[in-house]
Amino acid sequence: DDDMFSSAFCENSEKLIDVHLFALAAKYYSLSSLGVCTPLEDVLEALKGDSEGATGIKPDEFMNNKKSHEVLVMSELVDSIANYCGIKQVIDIGSGKGYLSSFLSMQYNLKVYGIDSSSSNTNGAHERNRKLKKHWRAYQSRGKENLKSQSLEKANDRPVENEINCKRINEELLNNANSLQNQDQVIIQDLAPSCGFTEMAALETNTETEADLVTGTQSHETKLSEEVLAILNVLPGDAVEDFSSSHNNCRELCEEEKMQRKMTSLKTKARKSSESNLYFPLTSCITAETELGDIVTDLEDCMMVGLHTCGDLAANTLRIFTAKPEIKAVCSVGCCYHLLSEQFENQEECHDQVWGFPMCQYLKDKGWCCGRNARMSACLALDRVAVGQMLPTESLFYRAVLQVIIEEIYGVTKSDRHVGKTFSKSSSFVDYVRRSLKKLELDDSKLPDSCIMDYYEKYKHRMNELEAFNMLKVVLAPCIEVLILLDRLCYLKEQENIAWSGLVKLFDPVKSPRCYAVIALKNQSC
């Protein structure tokens, strides 16, 4: 019933008279009840092609539980969309420290550009990149575990031959080390039976390869070179390094050998480059008018992603997606609704400004406004409260009493400054007030401790009342979030170049309260 909310309030006083009905109405208007979301399983099934899922890397090895959950689920979806659209480039907007970006690159071999406005985040991402590089081979080897096990099973049928052949390769490599030519040639170091590639070497030396069929009359030395090159193709980049130009007495190589070894050297350099750049962190502020081509110089057909893009950034991500023909798909999870700019909040005409809310023409025509208090409420986590993770009542009480002090003692009703996380650093209410006043640049010398405690005692009995009020805000939070998310979805529905768009619940809301993704794919002709 559309009158459900109004029945919960007194018609004359407009006070809440039926809390149970209020809670039922709020649940009715939540995304989980409205039936407007597309199940994640249905999306993955629709996008599924012939490719098998990637295996090997566990994100919880280098992320906390919350981030690991988010990255694991979202990366699978992003990879599915990229495969469906036939693209390999991903632009991660608001990439932060690069958790999603690096995982997409390592696990799914996607070329990822992570863009963040904070240079400290970008620097942090570079540092994480450096640390991950140390573990790169371990992660990479897990993804090839099945392939290696198959090779092992085949090679185990010839254990004695394997050891003999590998030993022969070692000896001849060492004997012919001086025959490799300057920068264009390579040498394998420490290739022992325990290196894990013995079986691959033996496989090449015991079977007739395509190269053997074509060049059956080649000398023994040329055949040995081919065997070495075959091994190089399966070795990780760090097992191959440029041979020093100080070595002399190099024998003449035929043109075919030169070309083969040059190609091997290039492959090695490319592999090393790939390991050095798990992804590309960039620092830039993104707005609705941003030209991605100015930031990403090799921009090609790609998709945009955003994991908890803050405030207007989520809205701007969708605007850039609809405007740029190179961007074929988008997957955006927003957060920080309280930081959204609203067109109709201050009743000031700013024709040139691009607002975070509303986006769709329907709400613009109605002049819809949420207001900061409502947007703050939308950030609350009902699902966490429902499982016993209660609101921080004491810190909220401190903040409420502080506001009364500031208004009555200093006459300040509005400030651009923020108290921040002062509560966690404070030893008492007096300490909290004094720390907060300093942050707000207000003189605390005219406020004795006794006066501060008088305010505390005056309102202490209303702490339960404050807790009840905040619980009502928590119950209402999903309804406000619905309005913001449906506004973004409606904006996409209004665009002519969109083939499909939808809202998808990606995450467990207890682990990650901002759990809904706005997803869209463009028409293939666009």
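Residues numbered from 1 in each chain as written. Predicted model: local features only at pLDDT ≥ 70, side-chain atom pairs only at ≥ 80, totals over all residues. Heavy atoms only, no water.

**Student:** Quick question: what am I supposed to make of the overall build of the protein here?
**Tutor:** Counting its regular elements, the protein contains 23 helices and nine strands. Here the protein holds 526 residues, and 43% of them are scored as buried. The long-range fraction of contacts in the protein, counting pairs at least 24 apart against all pairs at least 6 apart in sequence, stands at 74%. (Helix = DSSP H or I, 4+ residues; strand = E, 2+ residues; numbered from the N terminus. Buried < 20%, exposed > 50% of the residue type's maximum accessible area, 1.4 Å probe, protein only. Contact = heavy atoms within 4.5 Å.)

**Student:** Sorry if this is basic, but what is going on with helix α21 (residues 429-439) here?
**Tutor:** Along an α-helix, residues three or four apart share an orientation, since each turn contains 3.6 residues. Every buried residue of α21 is listed here: F429, V430, Y432, V433, R434, S436 and L437. Tucked inside the fold, the buried residues of α21 contact α20 (393-410) and α22 (449-459). Positive phi appears at E441, one or two residues downstream of α21, with a value of about 60 degrees.

**Student:** Explain the sheet that holds strand β9 (residues 516-522) here, please?
**Tutor:** Backbone hydrogen bonds are what pair the strands of a sheet, in a parallel or an antiparallel way. Spatial ordering of the open sheet is given by β5-β2-β1-β6-β7-β9-β8, a layout of seven strands whose pairing is mixed. Two strands bound the open sheet, and with one partner strand each, they are β5 (280-283) and β8 (498-505). Pairwise comparison of adjacent strand axes, ignoring direction, gives a mean angle of 15 degrees for this sheet. Direction of pairing for strand β7 (residues 327-335) relative to β9: antiparallel, over a ladder of four bridges. When the bridges of β9 are listed, V330 appears paired with A520. (Pairing = 2+ DSSP bridges. Axes fitted to C-alpha atoms, helices over the stretch in contact; angles between N-to-C directions.)

**Student:** Would you take a moment to explain the nonpolar core for this structure?
**Tutor:** Nonpolar side chains tend toward joint burial in soluble globular proteins. Within the largest apolar cluster, 71 residues are counted, with the highest numbers of intra-cluster contacts made by M74, L77, I91, M303 and L506. Among residues more than four places away in sequence, those in contact with M74 are L100, V305, G306, L307, C331, V333, L506 and F507. Membership of the second largest hydrophobic core comes to 20 residues, among which are V401, I405, I452 and Y456. (Core = buried A, V, L, I, M, F, W, Y, C linked by side-chain atoms within 4.5 Å.)

**Student:** It is not clear to me how the confidence of the model for the protein should be interpreted in this structure. Could you clarify?
**Tutor:** One rule of thumb: low pLDDT means the predicted coordinates there are not for detailed reading. Mean pLDDT for the protein: 77, with 65% of residues reaching 70 or above. Of the regions scoring below 50 in pLDDT, residues 169-252 engages in 132 contacts with residues more than four places distant in sequence or in other chains. In the model, residues 272-277 has pLDDT below 50 throughout and makes 11 contacts with residues more than four positions away in sequence or in other chains. (pLDDT = per-residue confidence, 0-100.)

**Student:** Sorry if this is basic, but what is going on with the pattern of salt bridges here?
**Tutor:** For side chains bearing opposite charge, pairing can occur when the charged atoms are close. One pass over the full model with this rule turns up 15 salt bridges. Linking E70 and K66 is a salt bridge whose minimum nitrogen-to-oxygen distance equals 2.6 Å. With E70 and K66 both in helix α5 (residues 65-85), this residue pair falls four residues apart, about one helical turn. The class for E70 is buried, based on a relative accessible area of 0%. Residue E441 is joined to R417 by a salt bridge in which the shortest nitrogen-to-oxygen separation is 3.1 Å. (Salt bridge = Lys/Arg side-chain N within 4 Å of Asp/Glu carboxyl O.)

**Student:** How do you make sense of the packing of aromatic side chains when you look at a structure like this?
**Tutor:** The description of an aromatic ring pair uses the distance of the two centres, along with the angle that the planes make with each other. Applying the stated rule across the entire model yields 10 aromatic pairs. Centre to centre, the rings of Y398 and F423 are 5.2 Å apart; their planes meet at 70 degrees, and the pair counts as edge-to-face. With a gap of 25 residues between them, Y398 in helix α20 and F423 in the loop between α20 and α21 connect regions that are remote in the sequence. For the pair Y398 and Y432, a centre-to-centre distance of 5.3 Å together with 50 degrees between the ring planes defines the contact as tilted. Taken together, the positions of Y398 in helix α20 and Y432 in helix α21 put the pair 34 residues apart, joining distant regions of the chain. In this pair, the class of Y398 matches that of Y432, namely buried. Chaining the aromatic ring pairs together yields one cluster made of F397, Y398, F423, F429, Y432 and Y456. (Phe/Tyr/Trp six-rings, centres within 6.5 Å; stacked < 30°, edge-to-face > 60°.)

**Student:** In this structure, what is going on with unusual backbone geometry? I would like to understand it.
**Tutor:** Keep in mind that most residues, glycine aside, have a negative phi and that most peptide bonds are trans. The omega torsion across F357 and P358 is -5 degrees, close enough to zero to call that bond cis. Mapped onto the elements, P358 comes out in the loop between β7 and α17 (361-365). Although it is not a glycine, H308 adopts a positive phi angle of roughly 60 degrees. Of note, H308 is situated in strand β6 (residues 302-310). Taking the relative accessible area as the measure of exposure, H308 reaches 17% and is therefore buried.

**Student:** Would you take a moment to explain the side chain of S377 for this structure?
**Tutor:** Structurally, S377 is set in helix α18 (residues 372-378). Once you skip the residues sitting within four places of it in the chain, S377 turns out to touch K473, A477 and I480.

**Student:** Teacher, can you tell me more about the state of the cysteines here?
**Tutor:** Cysteine pairs can be linked by a disulfide, which is a covalent bond between their two sulfur atoms. Counted under the stated rule, the structure contains zero disulfides. Left without a disulfide partner, C335 is nearest to the cysteine sulfur of C336, which lies 3.4 Å away. By relative accessible area, C335 is classed as buried at 13%. (Disulfide = S-S within 2.5 Å.)

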